Amino acid sequence: MTDLDKHNRMANAVRFLSIDAVEAAKSGHPGLPMGAAGIATVLFSRFLGFDPTEPKWPDRDRFVLSAGHGSMLLYSLLHLTGYEDFTLDELKNFRQLGARTAGHPEYGHGGGIETTTGPLGQGLANAVGMAMTERMLQTKFGKDLVNHHTYALVGDGCLMEGISQEAIALAGHLKLSKLIVLWDDNGISIDGSISLSDSTDQIARFKACNWATTSVDGHNPSQIATAIEEARKSDRPTLIACKTTIGYGSPNKAGKNSAHGSPLGAEEIATTREALGWTEEPFQIPADIRDAWRIAGLRAAQANTDWHKRFEAADAETRAEFERRQRGDLPSALGDTIRALKIKLADEKPTLATRKASEVALEEINAVVPEMIGGSADLTGSNNTRTKGMKAITPDNFSGRFVHWGIREHGMAAAMNGMALHGGVIPYSGTFLIFTDYCRPAIRLSALMGQRVIYVMTHDSIGLGEDGPTHQPVEHLAALRAIPNLLVLRPADATETAECWQIALENTSGPSVLALTRQGLAAFRTVLEEKNLCAGGAYEVASCDEDAKVSLFATGSEVEIALAAHAKLTEDGIPTRVVSVPSFELFARQSDDYRASMIGTAPVKIAVEAGIEMGWSRFIGASGLFVGMESFGASGPYKELYEHFGITAEVIVTRAKARLEAEAEDATEE
């Protein structure tokens, strides 16, 4: 058997496992695995560094299937190379409830799945974040411990999505030479030929973004291997355009959109088996080909053995720090650092915008958590995410800890996912809260994958003032709170901001959004509390000596307003309490007793937030009152805007009294 024959048979093993799994599920995308099997076979059998027995080996090469609809390509490769999570039974259960082999690859379902893909283009941007992290960690720990490549297989759809431009422009600027993108250039999408909707010269586009590029026959293993060898020597990221035929081998569907997203059908599968000379029954692999794939897995694993020898030769301090970062453990000094900061804030009682309070907290945190990597989407001075002495990474120097993402919010968020997935760093970056609209697909994936990514979102309400309704978030807090497994944290003063940072850092199973003000807020936490009060999601900040008649619930900048209303109501003899609600999600995790105690029994409950009412019923019930926004904002000085939209202590007092009077009248009539 010649090398070419062996390659073709190994590739056909991938093709027919994919074909058979899609047919068994009566659902899926066989076209990409059939067309790209040759590309993947060359990569996995000759170049990719991985170890099926230790899927999380830190210095493995990363392989990202950005075109996630072709998931059976990845599952077949993982099964053939010996990953124990991907048994033949798992492949037979493709797309079934509870199976590891979900319709699109899902991070955490099994070893070898580096990220969740499916929303096109996200994986490409994830890969950029992974390649950035490799460079950062190599600069920190040296080539003996960190020296690997990131490969991404992308389709036409990935390159049509706007996020791809954000990702490739940044990668080219940063000269991420260990990033290699393999483009499955089959010219077909669901609707038909790509020419129906696009005529972009992708090679020219990548060249314009400072990438090395080459074009090969995606069914010629020699050309593919040569291109990868050259890419590994490049001083820039590389795009390898692999011209392929979607549904390769199918006599009647190859090269057609009918091969993209539907099973081939029994008759077409039979003719494809005949055309490719594959005589095995469904899900059966010839012994010699199965052995060839397992040998490929063993070849790759040798690099892990060599790496462990180098790791053991490193000094104890380096090993301990490297392992701590890989585990995601925080430095032991963080707790004392936060406590010292809270003591200082209680003593100084500063009036600060919470974006500035965030910077104050980060100054202390970044000093003791060296894996923090910050950034901003061209709003560094507004987001306050760059602390003193924090150097920016540059194309030629990755020793810094700050990323200038440019005006690329979506790419930034998705690349941060890649950084978190890579491991060894904790990414945080900022933009305006309004631009979570640009970040949302990636934020949702942060939550779906359970990644510790911290989004610093400033200018969080009409309080930003003159920039007007295009920049004033109204519905955004509610929209973010609707995402499962996302912590939305809206602190109300400097101490709450420090506590929210601690919460975000300790939240290792999901992302966090810090919604921060532009305007200054007076301190109300003026006595040290050892406990992180924000961790309960809601807590009482002003009480009364008798049963409350009015309970006020507020977040962020509106806590200050609620406290002013509390003072007036109390002066007027109306027992009132105020509850700060920094996080709906954390509050929902508390015990029934705790939540009941915070909600209380006051007959009048009023929520106050410079956003829409959605979600507040859990605190105020169906009959509660809401003081907030019912429309878009407006351009003007922020204090005038609060008056204009009726988010004031006077309005709260008036509405509370009116409701109490109405209830008293109702009681009299009864």
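Please refer to the structure placed before this passage.
Since this is a predicted model, take the numbers as computed values, not measurements.

Peer 1: I'd like a description of the side chain of D460, backed by residues and values.
Peer 2: Along the chain, D460 turns up in the loop between strand 12 (454–458) and helix 18 (476–481). Residue classification places D460 among the buried residues on the basis of a relative accessible area of 2%. Polar side-chain contacts of D460 include one of 2.8 Å to the side chain of R490. Excluding residues that lie within four positions of it along the chain, D460 makes contacts with L433, P473, R490, A515, L516 and T517.

Peer 1: Please give an account of the pattern of salt bridges that cites residues and values.
Peer 2: For the structure shown, the criterion picks out 27 salt bridges. The salt bridge partner of K342 is E499, with a shortest N-O separation of 2.8 Å. Taken together, the residues span a long stretch of sequence, with K342 in helix 13 (residues 333–348) and E499 in helix 19 (residues 494–506) at a distance of 157 residues. The same class applies to K342 and to E499, which are both buried. Close ionic contact of R577 with E540 constitutes a salt bridge, the shortest N to O distance being 2.7 Å. Within this pair, whereas R577 is found in strand 18 (residues 576–580), its partner E540 is found in strand 16 (residues 539–542), the two being separated by 37 residues in sequence. On the basis of relative accessible area, R577 is assigned to the buried category, the value being 7%.

Peer 1: Could you give an account of the sheet that holds strand 14 (residues 512–515), naming the residues involved and the relevant values?
Peer 2: One open sheet accounts for 6 strands, arranged 10-9-11-12-14-13; its pairing is parallel. Edge strands, defined here as strands with exactly one partner in the open sheet, are strand 10 (402–404) and strand 13 (487–489). The sheet shows a mean angle of 20° between the axes of neighbouring strands, direction not considered. Note: strand 13 against strand 14, 3 bridges, orientation parallel.

Peer 1: I'd like to hear about unusual backbone geometry, residue by residue, with values.
Peer 2: Of note in the backbone geometry, H459 takes a positive phi value of approximately 60° without being a glycine. Residue placement: H459 occurs in the loop between strand 12 and helix 18. In this structure, N485 is a non-glycine residue whose phi angle is positive, near 65°. Counting through the fold element by element, N485 comes out in the loop between helix 18 and strand 13.

Peer 1: So what about helix 17 (residues 436–449)? Which residues, and what values?
Peer 2: With 14 residues, helix 17 should reach 20 Å at 1.5 Å per residue; the first-to-last C-alpha distance of 18 Å fits that figure. At A442, helix 17 is deflected by roughly 35°, the largest bend along its length. Among the residues making up helix 17, those that are buried are T436, C439, A442, I443, L445, S446, A447 and M449. Contact partners of the buried residues in helix 17: helix 5 (122–141), helix 16 (409–422), strand 11 (426–432), strand 12 and helix 18. Trailing helix 17 by a residue or two, G450 shows a phi angle of about 70°, which is positive.

What counts and what doesn't
Residues numbered from 1 in each chain as written. Predicted model: local features only at pLDDT ≥ 70, side-chain atom pairs only at ≥ 80, totals over all residues. Heavy atoms only, no water. Helix = DSSP H or I, 4+ residues; strand = E, 2+ residues; numbered from the N terminus. Buried < 20%, exposed > 50% of the residue type's maximum accessible area, 1.4 Å probe, protein only. Polar contact = N/O pair within 3.5 Å; in protein donor to acceptor, adjacent residues only side chain to side chain. Contact = heavy atoms within 4.5 Å. Salt bridge = Lys/Arg side-chain N within 4 Å of Asp/Glu carboxyl O. Pairing = 2+ DSSP bridges. Axes fitted to C-alpha atoms, helices over the stretch in contact; angles between N-to-C directions. Expected span 1.5 Å × (residues − 1). Bend = angle between axes of the 7 residues up to and from the residue.

It is worth stressing that arrangement in space is one thing and function is another; only the former is reported here.
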